[in-house]
Amino acid sequence: MLSYRHSFHAGNHADVLKHTVQSLIIESLKEKEKPFLYLDTHSGAGRYQLSGEHAERTGEYLEGIGRLWQQDNLPEELAPYLEAVHAFNRTGTLRYYPGSPLIARHLLRDYDKLHLTELHSSDYPLLRSEFQKDERAKVLKADGYQQLKSQLPPLSRRGLILIDPPYEMKTDYQDVVKGIQEGYKRFATGTYALWYPVVIRQQIKRMTRDLEATGIRRILQIELAVRPDSDQRGMTASGMIVINPPWKLEQQMNNVLPWLHKTLVPTGNGHTLVKWIVPE
Ligand code: SAM
């Protein structure tokens, strides 16, 4: 049974990092006029009400998107992400947070395609209704990992694959690596963006070692920590592992991460990191 609901966490510091990276990759893919596929293996509900019971209960968004919302002089790297968030909050008050499928929907062009999967019996219908009128999108109640076999390579031979499991089950740390291997066998030129939480540092070290052992090259790691690593419960940091990142992404993240860290973590705790796990 799936118990994770993203509505408790939407717009937190981990979403800010994830959706910044997602938006920058999409914008890079748009530099060519050729269409591409956006494949979101673990899509969530799509739209989250920040004044809703779930978001209010944790208040996580207040230390995430809430810290960016009223800022002036934002780094240009945040523009596509924040434009997407603004599109769902036209009155200027931050009420809704768009999840990864809605950020993609906002940024993609008429001729790009979305393939979205979500398994939760409450979140899937919400996601499906968001996309009812969008002819570019296919929304399925299906296992995200399976899509890495069945949907790749895309007809367009260009694509971003976002893999964002809840890590509710310890097996997710191995399943993401197996899933990426399966996808890569079929579509080695795609860009794969994997989100991870740092709860127990050893799990992430093992996961990155497993990724290295696949033989896949061009693997970039991006991380933002709000606290030092700890043995206590709870997420201290989150990161994105990007395979075949657009050439600008490393520089863009080096530019924007110090600002994001300073803004999201005024105490200065934690760290940021941009590093090649495997270079060219
Ligand atoms: N990507 C979303 C975003 O950024 O807005 C958030 C996704 S949330 C972290 C993870 C989602 O994966 C949950 O909604 C959960 O129900 C769903 N899920 C869990 N296991 C799954 C699976 N095997 N296939 C597809 N979805 C799954």
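Please read all numbers here as calculations on a predicted model, not as lab measurements.

### Here we look at the site of the ligand
Next up, step 1: The local shell around the ligand holds 20 residues, among which His19, Glu118, Asp143, Gly144 and Asp164 are the closest.
Next up, step 2: His42 places a main-chain nitrogen or oxygen 2.9 Å from a nitrogen atom of the ligand.
Next up, step 3: A total of 610 Å² of accessible area belongs to the ligand in isolation, and the protein chains cover 96% of it.
Next up, step 4: Put simply, the ligand lies in the largest pocket.
Next up, step 5: Tallied by class, residues from the shell around the ligand come to 5 nonpolar, 10 polar and 5 charged.

### Quick word on the packing of aromatic side chains
Next up, step 1: This structure, assessed with the given rule, holds 3 aromatic pairs.
Next up, step 2: When the centroid spacing of 6.1 Å and the interplanar angle of 55° are considered together, the rings of Tyr167 and Trp195 count as tilted. In this pair, Tyr167 sits in the loop between strand E6 (159–163) and helix H8 (172–186) while Trp195 sits in strand E7 (residues 191–198), placing the two residues 28 residues apart along the sequence.
Next up, step 3: Taking the relative accessible area as the measure of exposure, Trp195 reaches 9% and is therefore buried.
Next up, step 4: Residues Tyr184 and Tyr192 carry aromatic rings whose centres are separated by 6.4 Å and whose planes lie at 45° to one another, so their mutual orientation is tilted.

### Observations regarding the sheet that holds E6
Next up, step 1: The strand order across the open sheet built from 8 strands is E5-E4-E1-E6-E7-E9-E8-E10, with neighbouring strands paired in mixed fashion. Two strands lie at the open edges of the sheet, namely strand E5 (137–140) and strand E10 (272–278), each paired on one side alone. Going from strand to strand, the sheet's axes swing by 15° on average, the running direction of each strand aside.
Next up, step 2: As defined by bridge partners, E7 adjoins strand E9 (residues 237–243) across 7 bridges and the pair is classed as antiparallel.

### Some remarks on the pairing of strand E4 (residues 113–117)
Next up, step 1: Burial runs high along E4: 4 of the 5 residues are buried.
Next up, step 2: As judged from the 4 bridges shared by strand E1 (residues 37–40) and E4, these two strands associate in the parallel manner. Residue pairing in the sheet places Tyr38 in a bridge with Leu114 of E4.
Next up, step 3: Here E4 runs beside E5; their pairing, made up of 4 bridges, is parallel. Its bridge partner being in E5, Thr117 is matched across the sheet by Leu140.
Next up, step 4: Assessed by its sense of winding, the connection that carries the chain from E4 through helix H6 (residues 123–130) to E5 is right-handed.

### Notes on the UniProt feature "binding site: S-adenosyl-L-methionine" (unreviewed entry) in the protein
Next up, step 1: Annotation from UniProt places "binding site: S-adenosyl-L-methionine" (unreviewed entry) at His19, His42, Ser100, Glu118, Asp143, Gly144 and Asp164. Taken from the residues named earlier, the lining of the largest pocket is made up of His19, His42, Ser100, Glu118, Asp143, Gly144 and Asp164.
Next up, step 2: When its relative accessible area of 4% is taken as the criterion, Ser100 is described as buried.
Next up, step 3: Within the secondary structure, Gly144 is located in helix H7 (residues 144–150).
Next up, step 4: Setting aside anything within four residues of it in sequence, one finds Gly144 in contact with Thr41 and Thr117.

### A look at H8
Next up, step 1: Taking 1.5 Å of rise per residue, the 15 residues of H8 would be expected to cover 21 Å, and the 21 Å separating its terminal C-alpha atoms lies within 8% of that figure.
Next up, step 2: Every buried residue of H8 is listed here: Asp172, Tyr173, Val176, Val177, Gly179, Ile180 and Gly183. All buried residues of H8 lie within an arc of 165° about the axis, which places them on one face of the element. In H8, the exposed positions angled more than 90 degrees off the buried face are occupied by Lys178 and Lys185.

About the criteria used
Residues numbered from 1 in each chain as written. Predicted model: local features only at pLDDT ≥ 70, side-chain atom pairs only at ≥ 80, totals over all residues. Heavy atoms only, no water. Near = heavy atom within 4 Å. Polar contact = N/O pair within 3.5 Å; in protein donor to acceptor, adjacent residues only side chain to side chain. Areas by Shrake-Rupley, 256 points an atom, 1.4 Å probe, with all protein chains shown as cover. 1 Å grid on protein atoms, 1.4 Å probe; cavity = no way out; pocket = protein on both sides within 12 Å on 5 of 7 lines; lining within 4 Å. Sits in = over half its atoms within 2 Å of the grid points. Nonpolar A, V, L, I, M, F, W, Y, C, P; charged D, E, K, R; others polar. Phe/Tyr/Trp six-rings, centres within 6.5 Å; stacked < 30°, edge-to-face > 60°. Helix = DSSP H or I, 4+ residues; strand = E, 2+ residues; numbered from the N terminus. Buried < 20%, exposed > 50% of the residue type's maximum accessible area, 1.4 Å probe, protein only. Pairing = 2+ DSSP bridges. Axes fitted to C-alpha atoms, helices over the stretch in contact; angles between N-to-C directions. Right-handed = clockwise from strand over helix to strand, strands pointing away. UniProt positions renumbered as here; feature names shortened; annotations may be inferred. Contact = heavy atoms within 4.5 Å. Expected span 1.5 Å × (residues − 1). Arc of directions from axis to C-beta.

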